[in-house]
Amino acid sequence: MTVYQWFVFFLLVQIIHFLGTWKLYESAGRKKWEAAIPVYNAIVLMKIIGRPTWWTVLLFIPIINLILFPVIWIETLRSFGKRSSLDTFLGIVTLGLYIYYINYTQKLNYIADRSVSPQNKTADTISSILFAVVVATLVHTYVIQPFTIPTSSLEKSLLVGDFLFVSKMNYGARVPMTTVALPMVHDSIPLTQRKSYSSWPLLPYLRLPGIQNIKRTDIVVFNWPVDTVYKFFDTSKRRAYKPIDKKSNYVKRCVGVPGDNLSIVNGDVYIDGKILQLPERAKPQFSYKIALDGKTPIDLEYLFKELDITDRAFFTNDTKRDTIFLSALTEEGAQVFKNTPGVTAVVKQIAKGVDQANFGKGVFPHLKKWNSDNYGPIYIPEQGKTVALTIENLPFYKTIIDDYENNKLQVNGTEIRINGKIAKEYTFKQNYYWMMGDNRNNSEDSRYWGFVPENHIVGKPIFIWLSIDPNGKGINKIRWNRVFTTVSGEGQPQSYFQLFLIGLVVFFIGDYFWKKRKTNKV
């Protein structure tokens, strides 16, 4: 929905509210016109039903308001003596329209001194659950969200089985675009293949102020722009057309920010002609071919364990295992193999020619001229900047123009039209980013599908609160050295789990003695 459509929708809701409640307002000692003034009518209604004024704010927060509206309907009915189970049922199933019936057909007796405390244990439990859901949804949407690492694209920095807290505040919390959705779930209902949201109505993109901008080398969680996780909905289509905030969550490292000219040379990223300096915690990995002399004994399993290598393949020659192919090895690991007796060569595998092998479709923008290790240069679009448009460079910006920024793009021969007008240039409406995985040969990233729009940014991973090794057993199932570690920062990751346990012990001991002291005083 456009801003204008939302404005009309908002006015329509206000009219519906006024027509259904003005007599209730009068019965409560208010003026009937107070039911017609947007926002003010909600403030007055909170006073009528005996609820705090700040509840008004919650009525305008997507998803939260869906939880609160039924509560307001029930509280309104009870403020006028309608407390039966039937009244409650009708108030909810009619989406509040039962109040119209009360407003026009019933004798209205306003209960000014009505107790708003739960009348029984069941009501108290429901009230507590609703409060908990509201608070949890607010935190999940606007402050911090749990996230699990599902793939090895950031191997060494973030591992499969890491459980993260992702901050929404660092880059600014994004207001949900899907206004009708289940709280605290993503695109599908758990344990089902059903959507958890409605695609209508949708809010325009809006982001609250953040405390920092995305910097090069930041690890970022974002919605996958070309989401192809389609199995939940329609298996006849390869791409899943979802609202932006319901597209699949991805986590990658930002290697290009708006305004950068990015290129990749033999696997290394260059920005404006200078090699990108990665932080110490980043461990870029590449594919290596390692040749053995076939005579010298080598404890390969020991090397694999020391270097934490799980993905490897052997090639044989005359039934001798004399070549190893490693798809994810750091430069430090490659040096270890070079210094190992019996290793005759360690060769970094660099893609040659046009790359069609990885993910089966070549690299963005699919012009068959680059590959995943030798790429670019390419300009990362910046909001407000203008580029000349030609038939040659249009493939770089086509998706931005017609999909991400919602223009009508038409191409007729060498003529380019945007929204019906001949276009020789284009000005970008938002910022874009270039995201890549550290595990370069095992990461489907911007090299294959292009830019990440700013409105797809979810947040910044800040903390690993748990890490489970899929191959571990027993107590070693948990990677204890990764529990309670920060994602960013200088130096190598350091676990704060011991400090947490000490703090927990001190808290409980202190609490015990404090309560004991209070008891002795009594």
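The structure displayed is predicted, hence computed values, not measured ones. (Residues numbered from 1 in each chain as written. Predicted model: local features only at pLDDT ≥ 70, side-chain atom pairs only at ≥ 80, totals over all residues. Heavy atoms only, no water.)

Some thoughts on the overall build of the chain
Right, so step 1: A tally of regular secondary structure across the chain gives twelve helices and 21 strands.
Right, so step 2: Once the C-alpha set of the chain is aligned to its principal axes, its extents read approximately 100 × 80 × 40 Å.
Right, so step 3: Per-residue burial for the chain yields a buried fraction of 43% across its 522 residues.
Right, so step 4: Long-range pairs, those at least 24 residues apart, make up 65% of the contacts in the chain with a sequence separation of at least 6.
Right, so step 5: Accessible surface, the chain: about 28,300 Å² in total, of which carbon and sulfur atoms supply 59%.
Right, so step 6: One finds the centroid of the 63 positive side-chain charges in the chain at a distance of 8 Å from the centroid of its 43 negative side-chain charges. (Helix = DSSP H or I, 4+ residues; strand = E, 2+ residues; numbered from the N terminus. Buried < 20%, exposed > 50% of the residue type's maximum accessible area, 1.4 Å probe, protein only. Contact = heavy atoms within 4.5 Å. Areas by Shrake-Rupley, 256 points an atom, 1.4 Å probe, with all protein chains shown as cover. Lys, Arg positive; Asp, Glu negative; His and termini not counted. Charge placed at Lys NZ, Arg CZ, Asp CG, Glu CD.)

So, helix α10 (residues 394–404)
Right, so step 1: Leu394, Phe396, Tyr397, Ile400, Ile401 and Tyr404 are the residues of α10 that are buried. The arc that holds every buried residue of α10, seen down its axis, measures 165°, which confines them to one face.
Right, so step 2: Where α10 terminates, the next one or two residues include Asn406, which has phi positive at roughly 55°. (Arc of directions from axis to C-beta.)

Looking at the pattern of salt bridges
Right, so step 1: Taken as a whole and assessed by the stated rule, the structure comprises 13 salt bridges.
Right, so step 2: Between Asp187 and Lys242 there is a salt bridge, with its nearest N and O atoms 2.7 Å apart. Here the residue Asp187 occupies a position in the loop between β2 (162–167) and β3 (219–223), and Lys242 occupies one in the loop between β3 and β4 (249–256), the gap between them amounting to 55 residues.
Right, so step 3: Owing to a relative accessible area of 7%, Asp187 belongs among the buried residues under this scheme.
Right, so step 4: Lys215 is the salt-bridge partner of Asp218, the closest N and O atoms lying 4.0 Å from each other.
Right, so step 5: With a relative accessible area of 8%, Asp218 lands in the buried category.
Right, so step 6: By sharing partners, the salt bridges in this structure join Asp162, Asp469, Arg479 and Arg482 into a single network. (Salt bridge = Lys/Arg side-chain N within 4 Å of Asp/Glu carboxyl O.)

Some words on the sheet that holds strand β7 (residues 274–275)
As a general point, the strands of a sheet are linked pairwise by backbone hydrogen bonds and lie either parallel or antiparallel.
Right, so step 1: In space, the four strands of this open sheet follow the order β7-β6-β5-β12, with antiparallel pairing throughout. The outermost strands of the open sheet, each flanked by one partner alone, are β7 and β12 (375–379). (Pairing = 2+ DSSP bridges.)

Observations concerning the nonpolar core
Right, so step 1: Residues Leu262, Ile378, Leu389, Tyr397, Trp434 and Ile457 are the most contacted members of the largest nonpolar core, which totals 46 residues.
Right, so step 2: With six residues, α10 is the single largest residue contributor to this core.
Right, so step 3: Core analysis: the second largest hydrophobic core is formed by 30 residues, Ala28, Val44, Val71 and Leu108 among them. (Core = buried A, V, L, I, M, F, W, Y, C linked by side-chain atoms within 4.5 Å.)

Some points on the packing of aromatic side chains
Right, so step 1: Per the counting criterion, the structure on display carries 33 aromatic pairs.
Right, so step 2: The rings of Phe364, Trp370, Tyr375, Phe396, Tyr397, Tyr404, Tyr426, Phe428, Tyr432, Trp434 and Phe451 are connected pair by pair, giving a single aromatic cluster.
Right, so step 3: Looking at Lys32, its charged tip hangs above the ring of Trp22, at a distance of 5.3 Å from the centre.
Right, so step 4: Across from the ring centre of Phe286, 3.8 Å away, lies the NZ or CZ of Lys348, which sits over that ring. (Phe/Tyr/Trp six-rings, centres within 6.5 Å; stacked < 30°, edge-to-face > 60°. Lys NZ or Arg CZ within 6 Å of the ring centre and 35° of its normal.)

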